[in-house]
Protein chains: 4
Amino acid sequence: MAVRAAVAGASGYAGGEILRLLLAHPEIEIGALTGNSNVGQRLGALQPHLLPLTGRVLAETTAEVLAGHDVVFLALPHGQSAAVAGQLGPDVLVVDMGADFRLQDQTDWHRYYGSPHAGTWPYGLPELPGARAALEGSKRIAVPGCYPTAVSLALFPAYAAGLAEPEAVIVAASGTSGAGRALKPHLLGSEVMGSMSPYGVGGGHRHTPEMIQNLSGVAGERVAVSFTPTLAPMPRGILATCTARAVGGTTEDSIRVAYEKAYADEPFVHLLPEGQWPTTASVQGSNAVQVQVAYDAAVGRIIAISAIDNLTKGTAGGAVQSMNIALGLDETTGLPTIGVAP
Amino acid sequence: MAVRAAVAGASGYAGGEILRLLLAHPEIEIGALTGNSNVGQRLGALQPHLLPLTGRVLAETTAEVLAGHDVVFLALPHGQSAAVAGQLGPDVLVVDMGADFRLQDQTDWHRYYGSPHAGTWPYGLPELPGARAALEGSKRIAVPGCYPTAVSLALFPAYAAGLAEPEAVIVAASGTSGAGRALKPHLLGSEVMGSMSPYGVGGGHRHTPEMIQNLSGVAGERVAVSFTPTLAPMPRGILATCTARAVGGTTEDSIRVAYEKAYADEPFVHLLPEGQWPTTASVQGSNAVQVQVAYDAAVGRIIAISAIDNLTKGTAGGAVQSMNIALGLDETTGLPTIGVAP
Amino acid sequence: MAVRAAVAGASGYAGGEILRLLLAHPEIEIGALTGNSNVGQRLGALQPHLLPLTGRVLAETTAEVLAGHDVVFLALPHGQSAAVAGQLGPDVLVVDMGADFRLQDQTDWHRYYGSPHAGTWPYGLPELPGARAALEGSKRIAVPGCYPTAVSLALFPAYAAGLAEPEAVIVAASGTSGAGRALKPHLLGSEVMGSMSPYGVGGGHRHTPEMIQNLSGVAGERVAVSFTPTLAPMPRGILATCTARAVGGTTEDSIRVAYEKAYADEPFVHLLPEGQWPTTASVQGSNAVQVQVAYDAAVGRIIAISAIDNLTKGTAGGAVQSMNIALGLDETTGLPTIGVAP
Amino acid sequence: MAVRAAVAGASGYAGGEILRLLLAHPEIEIGALTGNSNVGQRLGALQPHLLPLTGRVLAETTAEVLAGHDVVFLALPHGQSAAVAGQLGPDVLVVDMGADFRLQDQTDWHRYYGSPHAGTWPYGLPELPGARAALEGSKRIAVPGCYPTAVSLALFPAYAAGLAEPEAVIVAASGTSGAGRALKPHLLGSEVMGSMSPYGVGGGHRHTPEMIQNLSGVAGERVAVSFTPTLAPMPRGILATCTARAVGGTTEDSIRVAYEKAYADEPFVHLLPEGQWPTTASVQGSNAVQVQVAYDAAVGRIIAISAIDNLTKGTAGGAVQSMNIALGLDETTGLPTIGVAP
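Since the model is a prediction, treat every value here as computed from it, not as a measurement. (Residues numbered from 1 in each chain as written. Chains lettered and ligands numbered in written order. Predicted model: local features only at pLDDT ≥ 70, side-chain atom pairs only at ≥ 80, totals over all residues. Heavy atoms only, no water.)

### A short note on the nonpolar core
All names here are of chain A. Counting 43 residues, the largest nonpolar core has Leu-155, Tyr-159, Ile-170, Tyr-259 and Ile-302 as the members making the most contacts within it. For this core, the elements supplying multiple residues, two or more each, are helix 7 (146-160), strand 7 (164-174), helix 9 (208-219), strand 9 (224-231), strand 10 (238-246), helix 10 (252-263), strand 12 (289-296) and strand 13 (301-308). Broken down by element, this core gets its largest block of residues, 10 residues, from helix 7. Two domains each donate at least three residues to this core, and these are domain 1 (3-143 + 314-327) and domain 2 (147-308). Discounting residues that sit within four places of it in the chain, Tyr-259 has contacts with Ala-154, Leu-155, Pro-157, Ala-158, Leu-271, Val-291, Val-293 and Ala-304. (Core = buried A, V, L, I, M, F, W, Y, C linked by side-chain atoms within 4.5 Å. Buried < 20%, exposed > 50% of the residue type's maximum accessible area, 1.4 Å probe, protein only. Helix = DSSP H or I, 4+ residues; strand = E, 2+ residues; numbered from the N terminus. Domains from an automatic or database assignment. Contact = heavy atoms within 4.5 Å.)

### Things to note about the relation of the copies chain C and chain B
One copy of the chain maps onto the second through a rotation about an axis and a displacement along it. Note on the identical chains: chain C maps onto chain B by a rotation of 180° and an axial translation of 0.0 Å, with an RMSD of 0.0 Å. Expressed as a symmetry operation, the mapping of one chain copy onto the other fits a two-fold axis. Here 100% of the interface residues in chain C have copies in chain B that are interface residues too; the copies meet face to matching face. (Least-squares fit on C-alpha atoms with pLDDT ≥ 70 in both.)

### Topic: the pattern of salt bridges
Pairing is possible between side chains of opposite charge, provided their charged atoms come close. Counted according to the given criterion, the structure contains 52 salt bridges over all chains. In this structure, Arg245(D) engages Glu167(A) in a salt bridge whose closest nitrogen and oxygen atoms are separated by 2.7 Å. Here the residue Arg245(D) occupies a position in strand 10 (residues 238-246), and Glu167(A) occupies one in strand 7, the pair thus bridging two chains. In this structure, the salt-bridge partner of Glu274(D) is Arg256(D), at a minimum N-O distance of 3.7 Å. Here Arg256(D) lies in helix 10 (residues 252-263) and Glu274(D) lies in the loop between strand 11 (269-271) and strand 12 (289-296), a separation of 18 residues in the sequence. Put simply, Glu17(A), Arg20(A), Arg236(A) and Asp309(A) are held in one network by salt bridges that share partners. (Salt bridge = Lys/Arg side-chain N within 4 Å of Asp/Glu carboxyl O.)

### Overview of the packing of aromatic side chains
The relative placement of two aromatic rings is captured by the distance of their centres and the angle of their planes. Enumeration over the complete set of coordinates arrives at 16 aromatic pairs over all chains. Where Phe156(B) meets Tyr263(B), the ring centres are 5.8 Å apart and the plane angle is 85°; that geometry is what we call edge-to-face. With Phe156(B) in helix 7 (residues 146-160) and Tyr263(B) in helix 10 (residues 252-263), this pair connects stretches of sequence that are 107 residues apart. Relative accessible area serves as the criterion here: at 5%, Tyr263(B) is assigned to the buried category. For the pair Tyr147(D) and Phe227(D), a centre-to-centre distance of 5.0 Å together with 70° between the ring planes defines the contact as edge-to-face. One end of the pair, Tyr147(D), is in helix 7 (residues 146-160); the other, Phe227(D), is in strand 9 (residues 224-231), and 80 residues separate them in sequence. No difference in accessibility class separates Tyr147(D) from Phe227(D), as the two residues are buried. (Phe/Tyr/Trp six-rings, centres within 6.5 Å; stacked < 30°, edge-to-face > 60°.)

### Topic: the UniProt feature "active site" (unreviewed entry) in chain A
Residues and elements named next belong to chain A. On the UniProt side, "active site" (unreviewed entry) is annotated at positions that read Cys-146 here. In this fold, Cys-146 is placed in helix 7. Cys-146 sits in the buried class, given a relative accessible area of 10%. Filtering out sequence-adjacent residues up to four positions away, Cys-146 remains in contact with His-207, Ile-238, Ile-308, Asn-310, Gly-314 and Thr-315. (UniProt positions renumbered as here; feature names shortened; annotations may be inferred.)

### A word on the sheet that holds strand 13 (residues 301-308) of chain D
Residue and element names in this part refer to chain D. Strands sit in the order 8-9-7-10-13-12-11 across an open sheet of seven strands; the sheet is mixed. Of all the strands in the sheet, the pair left with one neighbour each is strand 8 (197-198) and strand 11. The sheet contact formed by strand 7 (residues 164-174) and strand 9 spans eight bridges and is parallel. Within the sheet, the bridge partner assigned to Ser-174 lies in strand 9 and is Leu-231. Most of the contacts of helix 7 go to strand 7, to which it runs at about 145°, and overall it touches strand 7, strand 9, strand 10, strand 11, strand 12 and strand 13. Of the strands in this sheet, strand 11, strand 12 and strand 13 are in contact with helix 10, which crosses strand 12 at around 165°. (Pairing = 2+ DSSP bridges. Axes fitted to C-alpha atoms, helices over the stretch in contact; angles between N-to-C directions.)

Here it is, written out as structure tokens:
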């Protein structure tokens with residue numbers, strides 16, 4: 001019997017991507033679709049690529065509309081998930097693609113988001129040590145941020161193996177869909193094509209505490225993070241360049257062994273052969289992750305780089321992967337693993 | 001029991017796309033992969049997105065290597081398919097993604113390709129009147145060119161209904177993957193990004209006679225075609241803008257009725273609601289086609305526009321669709337129908 | 001003594017481009033800059049590339065602010081220029097980059113713009129027969145639309161020489177800056193990158209009557225125009241593909257002679273050597289125009305193609321060129337002629 | 001009397017850019033143009049944007065051809081400049097845009113370039129302390145690499161003021177023209193559009209020792225550099241994100257004062273107002289540099305970011321700027337200062 005899924009916030013990019021994936025998922029039947037300012041509009045006018053759903057009309061985001069589903073995906077602006085989730089019963093699997101339930105530390109939450117902290121749910125990055133077990137059978141999932149997904153997968157094996165000093169310097173480039181569908185001048189095509197630009201420089205990006213939480217949890221000590229995100233002239237993709245000083249005695253070999261061990265059995269994370277580096281095009285539209293790592297002996301630093309699709313593995317694909325685990329399905333069910341390249 | 005498929009020419013863009021699709025096809029097992037100058041190289045170095053096949057090594061394109069498969073896809077330069085196909089037995093399904101077996105008219109062939117004409121195979125555009133029947137059970141398939149696919153699907157309903165004068169004026173924009181992976185200066189990223197440019201102007205493009213063949217076959221008279229292709233700064237996608245004078249008495253309604261009739265039961269072709277126009281992003285990576293048509297009363301012309309992904313519906317997706325028909329499978333088996341957007 | 005110039009509407013793309021050009025113009029001193037919703041903001045926050053003007057603050061668009069200048073450029077939304085222009089004295093050179101004073105035919109104006117017709121000013125396309133003389137010493141200039149500039153320069157020599165039938169079929173691709181800085185979803189970078197899409201199909205685009213006016217004026221009879229604009233994934237540039245049936249007896253040679261004659265002495269329009277075709281990258285950021293023409297004997301059609309930068313020759317560069325003529329300066333003063341390529 | 005300039009290597013991107021700038025330079029007359037494999041070809045076929053030079057034919061790169069000029073620009077592959085320069089007289093100003101004469105340390109040269117070291121010329125980054133004086137009247141100029149230009153301008157004020165620890169972590173994104181016009185698969189438009197990818201990871205990029213040389217020279221001690229370059233989907237531009245631990249006692253204010261002091265009188269480098277960050281689009285096609293700096297108190301790091309056009313300030317614009325100084329002209333003569341944006 002099919003699993004009925006509703007999507008709250010179906011008009012944005014995360015909502016569109018979750019629908020793209022659910023349409024190809026063999027166990028899912030798509031139920032209610034809700035919007036905000038777009039209530040009453042045809043989905044075809046908002047998401048013209050979702051051709052089988054063009055005639056569907058967006059409903060209001062209410063508990064009544066979302067009731068009667070097995071799974072509810074929340075693709076809402078940060079701070080709006082908690083109120084909706086509170087009205088959904090404990091037997092419904094609620095998958096929050098916003099930030100509301102990601103952070104454990106209330107102080108961090110207040111500093112970066114301002115609103116009251118709603119709590120912490122099992123964290124939907126199955127590759128992190130311990131995460132998969134917490135997701136099995138869970139009825140609540142906090143989907144990670146796109147940058148923390150890319151950064152954690154690039155760096156955690158180094159911290160898990162005790163090879164890196166607890167200060168990471170990270171520069172990541174993201175496609176523009178990571179900024180959502182908000183109508184802001186700097187997101188216009190005329191402005192972004194042909195341009196690279198940084199933002200949230202100096203520790204201001206909201207994903208910073210989430211990276212610290214993930215890496216610190218693995219390292220067993222607080223990892224400081226210098227994070228600079230940049231906007232790249234492409235619709236999708238994150239390339240995360242992550243470096244940290246190696247602890248004394250670290251060698252190229254010990255690094256490689258640590259990464260091979262971390263990803264030997266992971267269905268979506270591919271440690272590339274030595275000398276080959278990730279490209280975002282290779283994972284476009286797929287739930288795959290490419291990772292590569294090197295040791296710069298001249299400066300004693302580990303450089304770990306990952307590429308993901310911010311909307312797929314970075315948001316909606318990660319959400320489906322975690323949903324599969326929570327529902328007891330095979331983790332890879334319905335998820336594309338091959339990027340649309342070139 | 002799985003259908004074993006070989007791909008000759010696995011290092012190019014068409015070869016990569018057919019492998020991307022076959023990896024997701026539930027009935028297919030991927031067999032031999034061959035190359036040319038790349039023989040002996042790992043596929044992972046050439047097609048880094050085909051992650052499950054990274055360790056596969058390209059073999060030489062010989063009859064021995066290609067023997068023992070149920071299906072052989074030929075993704076070879078124009079003029080090379082005939083020699084290979086001649087060595088494959090009559091029981092093997094041979095799907096040629098090159099031009100060798102598309103044209104019926106020897107004069108056209110000689111004028112545009114120069115080499116001896118190899119013959120004509122059933123034409124792999126199932127949506128064309130009569131084409132589906134010819135593909136059923138066939139052991140040979142000529143996959144259409146990418147531009148003829150886009151143009152024929154935009155215009156044939158008008159000709160089938162007798163609504164258009166037999167002179168079409170067509171301007172199409174293609175993503176750069178349509179030009180293949182050849183190392184030519186004008187295909188460098190530095191040259192193509194930010195630039196639109198025409199080529200093959202004045203009737204010189206090799207796809208012109210194929211369009212004439214398709215439209216004339218439907219119209220029952222020779223349709224003249226003025227075709228101007230342009231190179232657009234995107235990796236994938238064709239937008240074909242096709243116009244023709246309407247015959248006397250044609251109305252908006254009669255045009256709409258003709259298109260609705262043509263595409264009512266087609267699984268991949270979507271006639272958009274009135275007022276909504278195709279975008280190539282909407283069909284990126286999918287086998288879907290978006291079509292829209294309008295009547296410009298001031299000039300008495302029909303304007304029909306289609307969007308496809310040149311590598312998917314325009315090449316490898318069309319090939320799989322026709323293969324499905326030839327093998328007696330459901331026509332949509334294994335084919336993505338939702339574009340990767342945004 | 002410097003010519004003092006004011007710019008009304010300095011926060012948009014046309015306003016930014018006129019300032020980029022005026023900053024490099026040896027005879028111009030930049031005076032008042034006005035905005036609309038952005039009044040009171042620093043220009044540096046709106047036009048970060050105009051580095052010498054970053055500290056300038058936008059004033060309100062009033063007659064008082066614009067008074068006391070030798071030249072006033074109006075970069076205002078269509079329909080707003082007439083009111084402002086009416087308050088500027090007859091001795092001020094007013095250069096309208098909007099549509100308000102372009103069309104001669106009131107019926108066309110009403111059909112496409114809806115508002116009362118404000119009149120017709122000398123038309124700022126100096127290359128059109130007769131236009132240059134009308135601009136000399138004029139105190140009012142209507143800058144052409146970007147598409148009409150590209151299309152008229154591609155086709156008028158054929159009509160001037162009596163070589164083309166009076167029905168042109170035109171498909172043009174424009175960079176996104178042509179749509180202005182309005183915050184519309186379909187102009188977001190995430191939507192436009194990787195996508196080609198048509199709009200205003202079937203005669204609906206407001207530039208259509210302007211093309212008809214220009215070509216008909218040259219042809220001496222009404223020229224019907226089928227015009228389809230498409231949005232291309234690049235910030236700047238127009239590639240206009242224009243075709244018309246050749247009149248009986250037309251030859252490749254007669255066409256070439258007509259174009260060579262038309263552009264022999266034009267400083268900005270370059271008829272390319274035979275076999276070389278325009279690219280928008282070649283003229284990016286410059287006032288140059290590339291034109292090429294071919295004859296497709298199989299269908300009896302002339303295919304003329306032009307490339308311009310929509311913001312430079314298509315808007316602000318054309319405005320400066322016409323201003324130079326009106327002021328009695330050398331026509332090329334201060335205008336870039338070399339594109340920023342690659 | 002005009003200064004006669006020759007360009008050796010006029011068919012590449014650096015050669016094209018130097019010609020674009022020289023065409024607009026009021027004191028320069030363009031003399032001989034030479035090529036390599038393209039000898040005998042028309043420049044118009046290779047550099048279609050250089051419209052005034054389309055008829056010029058490329059000569060061989062020999063001492064005879066280059067003789068009789070006041071200035072010779074060498075835009076040759078690394079390792080080829082020394083031989084040509086050796087044949088040019090001591091009174092000719094030779095401006096090398098390759099790497100041959102940049103490095104002082106022979107060991108570094110051998111490690112990164114392999115060939116015998118040709119010597120060290122005055123370094124063409126006038127903004128570096130002491131550099132301007134060395135360029136005045138010089139007859140030899142080594143134009144810096146594009147990445148070292150961006151990185152040195154972002155970081156040297158921090159080192160000059162003694163505010164940064166001697167270990168910098170740098171991640172930079174470059175447009176594809178930085179990789180030159182070589183025909184390599186990963187530079188094809190189909191591969192680069194929509195993709196970010198790193199290369200030369202782990203200290204392998206040849207510009208690393210040049211950065212170390214520049215920063216160490218300013219710091220008065222050896223500065224270690226971890227440098228990761230990435231290829232971005234745009235034709236031009238470098239965005240360099242540079243971080244280093246601040247020395248104890250450093251404050252936001254002390255950093256700001258250091259940068260304001262460093263750039264107060266520089267004509268091309270713009271320290272942006274606080275809160276505004278560089279974008280590569282803002283400096284496209286211009287010799288301008290945008291710099292911004294922040295202090296991340298949580299991790300104690302300075303983050304300095306610069307944006308340049310790799311072909312203009314990063315190569316040919318820097319070359320002209322240094323030539324102006326060497327010839328005793330105003331440093332800004334003929335150089336564009338406003339980016340072509342959007």
